[in-house]
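Single-letter residue listing:
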Amino acid sequence: MAKGKTPKPKKCRICPKKFTPVNSLQIVCCPSCAIQYAKQQSERKQKQSEADSRRLWNKRKAALKPLKHWEDMTQRVVNDYIRERDRDLPCISCGTWVTVQWEAGHYRSRGAASHLRYNEDNIHKQCHHCNDNLSSNAIPYRAALVEKIGLERVLALENNNTPHRYTREELDALRAEYRAKTRALKKQQEAA
Ligand SMILES: [Zn+2]
Ligand SMILES: [Zn+2]
């Protein structure tokens, strides 16, 4: 022990006893507590390494999923936002307030215009009948869309034919963005 430094008693890491350490490295009071402490540390390490390999495994599994999986996940998140955004609106195509299930319908279909599949102007709340049975019911959809967002934006949608392949990173960012937007909307509605 260096001159002038009197070791102060400290609490044992294992038992409630206080002891005076012989040097700054001593953290337990006695050999039996030392063994106990070593055991605890090795268990902790074991658990940590198990958690690490689990995390790595999940990461690998996620990396193996095809891009389509992430496109679909992202669509679900964006569609949730659309339904929340249009909560107080009827079906954009037929104007009904009643349906077995509210859906988010694309004006230009995902098949024909995959680059617009997450475009907010291109997706609106729709009844199940219009979305599914009438394949979006495009003619009244367009008329209502012009009224809702203006002819200019409808034409911009219709003339947007620049293809785009979303990357995994873009999809991750979109999901984060739309989850946050949905949360913000819900908060706003609760406050109102
Ligand atoms: Zn002890
Ligand atoms: Zn409808």
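Here the structure is shown first, and the text comes after it.
Residues numbered from 1 in each chain as written. Chains lettered and ligands numbered in written order. Predicted model: local features only at pLDDT ≥ 70, side-chain atom pairs only at ≥ 80, totals over all residues.

Focus on the overall build of the protein chain
- Summing up its helical and strand segments, the protein chain has six helices and four strands in all.
- Its C-alpha atoms give the protein chain a radius of gyration of 30 Å, more than 25% over the compact-globule value 16 Å for 192 residues.
- Along the first, second and third principal axes, the C-alpha set of the protein chain runs to 90 × 40 × 35 Å.
- The buried share among the 192 residues of the protein chain stands at 18%.
- Excluding contacts between residues fewer than 6 apart, the proportion of contacts in the protein chain whose partners are at least 24 apart in sequence is 61%. (Helix = DSSP H or I, 4+ residues; strand = E, 2+ residues; numbered from the N terminus. Rg over C-alpha atoms; globule rule 2.2 N^0.38 Å. Buried ≥ 20, exposed ≤ 12 C-beta atoms within 10 Å, placed from the backbone. Contact = placed C-beta atoms within 7 Å.)

Quick notes on the packing of helix H4 (residues 138–149) against helix H5 (residues 151–159)
- Following both chains from N to C, one finds H4 and H5 inclined at 125 degrees, their axes separated by 7 Å at the closest point. Considering their axes alone, H4 and H5 lie oblique with respect to each other. Listed contacts from H5 to Arg142, Leu145, Val146 and Ile149 of H4 are Leu151, Arg153 and Val154.
- Looking at the contact of H4 with H5 residue by residue, the classes come out as five nonpolar, no polar and two charged. (Axes fitted to C-alpha atoms, helices over the stretch in contact; angles between N-to-C directions. Parallel < 35°, antiparallel > 145°, perpendicular 65-115°, else oblique. Nonpolar A, V, L, I, M, F, W, Y, C, P; charged D, E, K, R; others polar.)

Description of the pairing of strand S3 (residues 102–106)
- In terms of burial, S3 is largely enclosed, as four of its five residues are buried.
- Pairing analysis gives five bridges linking S3 to strand S4 (residues 123–127), with the strands arranged antiparallel. Within the sheet, the bridge partner assigned to Gly105 lies in S4 and is His124. (Pairing = 2+ DSSP bridges.)

Observations regarding helix H2 (residues 67–85)
- Taking 1.5 Å as the rise per residue, H2 with 19 residues should run 27 Å; its terminal C-alpha atoms sit 27 Å apart, in good agreement.
- Within the span of H2, buried status applies to Trp70, Thr74, Gln75, Val78, Asn79, Tyr81 and Ile82.
- The secondary structure elements touched by the buried residues of H2 are S3, S4 and helix H6 (168–191). (Expected span 1.5 Å × (residues − 1).)

Thoughts on unusual backbone geometry
- For Ser135, which is not a glycine, the phi torsion comes out positive at approximately 45 degrees.
- The residue Ser135 is located in the loop between helix H3 (128–133) and H4 in this model.
- Judged by the 10 C-beta atoms lying within 10 Å of it, Ser135 is exposed.
- Despite not being glycine, Asn137 has its phi angle at roughly 55 degrees, a positive value.
- Summarising the element assignment, Asn137 is placed in the loop between H3 and H4.

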